[in-house]
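Chain residues, written in single-letter form:
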Amino acid sequence: MAEKINLLGVGISVCKPEKIGEEVLTLLEKKGPKQIVFLNTWDFLKARRKNKFAECVRNADLVLPISKGIIKGAKFLKKTLPVRYNSFDVTIDILSTLEEHYKSLYLLGGRKKTLMTAEKNIHGTFSDLQIVGRYVGYYPKSVEDDIIQAVYKACPSLVIVSEGVKENDCWIYSRKDRFNSSIFLYYHDFLGICSNRIKRVSKKTFEKGFEFFHELMRNPLKIVYFVPYLIYILTLVWYRLFRKDK
């Protein structure tokens, strides 16, 4: 299993990109439901507090950093340096591994048109990956038990949870005891990108660490995130000067 470092009290997985497929196959052999979490800087800060999301991250099998801020923080505190992942690219790598081993997939989220288009495109790219079920997001609470039962019975290798599912990563964590042996991954934009409804962040933008400005254009209210980021920087300095982050 991948090593985890402790960064300001939050466990971050250290896993080389070429080892992701191997990690996924190892997780599949592990009994019970498993969870992969993509962690950006803002969610990292939330995971430092006492809440359900913090519990979710603490119990996740893989916590993959997707923001430069986390990598810079680890470097500043002289930790083992984790790899920063592009959410879409690593999800595609995971699907490629599953296809090579004739595994299965369940899709949960999006509106009907988005979900159906995304499924068609995924099947066109990964023809040997069996899609064993799908259900839209934004569903009424009354049908949730049926969705959970459908996922349980289908027993897919991977469940990708996308937009329209309340609680995000915590939806998976709160219901893990109702599933069997699948790997669960929450990625809000995945179905939107696969259906060509949402534009991916360009490789150049991601490599420069400017993807936040892409998000800011979609939701200007996220400008308030600069305040907790400043607090994060000050916390790193305080830890570097006065504490040993064990």
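The preceding data block contains the structure.
Cut-offs and rules
- Residues numbered from 1 in each chain as written.
- Predicted model: local features only at pLDDT ≥ 70, side-chain atom pairs only at ≥ 80, totals over all residues.
- Heavy atoms only, no water.
- Axes fitted to C-alpha atoms, helices over the stretch in contact; angles between N-to-C directions.
- Helix = DSSP H or I, 4+ residues; strand = E, 2+ residues; numbered from the N terminus.
- Parallel < 35°, antiparallel > 145°, perpendicular 65-115°, else oblique.
- Left-handed = near helix turned anticlockwise from the far one by under 90°.
- Contact = heavy atoms within 4.5 Å.
- Pairing = 2+ DSSP bridges.
- Buried < 20%, exposed > 50% of the residue type's maximum accessible area, 1.4 Å probe, protein only.
- Arc of directions from axis to C-beta.
- Core = buried A, V, L, I, M, F, W, Y, C linked by side-chain atoms within 4.5 Å.

## Brief notes about the packing of helix α1 (residues 20-29) against helix α5 (residues 87-100)
The interhelical angle for the contact between α1 and α5, taken along N-to-C directions, is 60 degrees, at an axis separation of 9 Å. Between α1 and α5, the angle is such that the two are oblique. In the crossing of α1 with α5, the sense of the turn from one axis to the other is right-handed. Residues Ile20, Gly21, Val24, Leu25 and Leu28 of α1 lie in contact with α5, whose contacting residues are Val90, Ile94, Thr97 and Leu98.

## Thoughts on the sheet that holds strand β6 (residues 130-135)
Spatial strand order, β4-β3-β8-β7-β5-β6: six strands in an open sheet with parallel pairing. With partners counted over all chains shown, the strands left at the sheet margins are β4 (62-65) and β6, one partner each. Adjacent strand axes in the sheet meet at a mean angle of 20 degrees when their direction is disregarded. Note that strand β3 (residues 34-39) and β4 share four bridges and pair parallel. Bridge pairing links Ile36 to Leu62 in β4. Here helix α3 (residues 52-59) sits on the sheet and contacts β3 and β4; the angle it forms with β3, its principal contact strand, is near 115 degrees. Where helix α6 (residues 112-125) meets the sheet, it contacts β5 (104-108) and β6, and its direction lies at approximately 170 degrees from that of β6.

## Notes on helix α7 (residues 144-154)
Of the residues making up α7, those classed as buried are Glu144, Ile147, Ile148 and Val151. Taken end-on, α7 shows its buried residues confined to a sector of 95 degrees, consistent with a single buried face. With respect to the buried face of α7, the exposed residues turned more than 90 degrees away are Asp146 and Lys153. Where α7 is buried, its residues touch β5, β6, β7 (158-161), α8 (169-174) and β8 (183-186). At the exit of α7 stands Cys155, carrying a positive phi of roughly 50 degrees.

## Details of the nonpolar core
Core analysis: the biggest nonpolar cluster contains 34 residues, and Leu105, Leu158 and Phe190 have the highest contact counts within it. It is α5 that contributes the most residues to this core, five residues altogether. In contact with Leu158, not counting residues within four places along its chain, are Ile94, Leu95, Leu98, Ser104, Leu105, Tyr106, Ile183 and Leu185. Judged by nonpolar contacts, the second largest core, of 23 residues, contains Ile5, Leu39, Phe53 and Leu236.

Distances and angles like these do not, on their own, reveal function.
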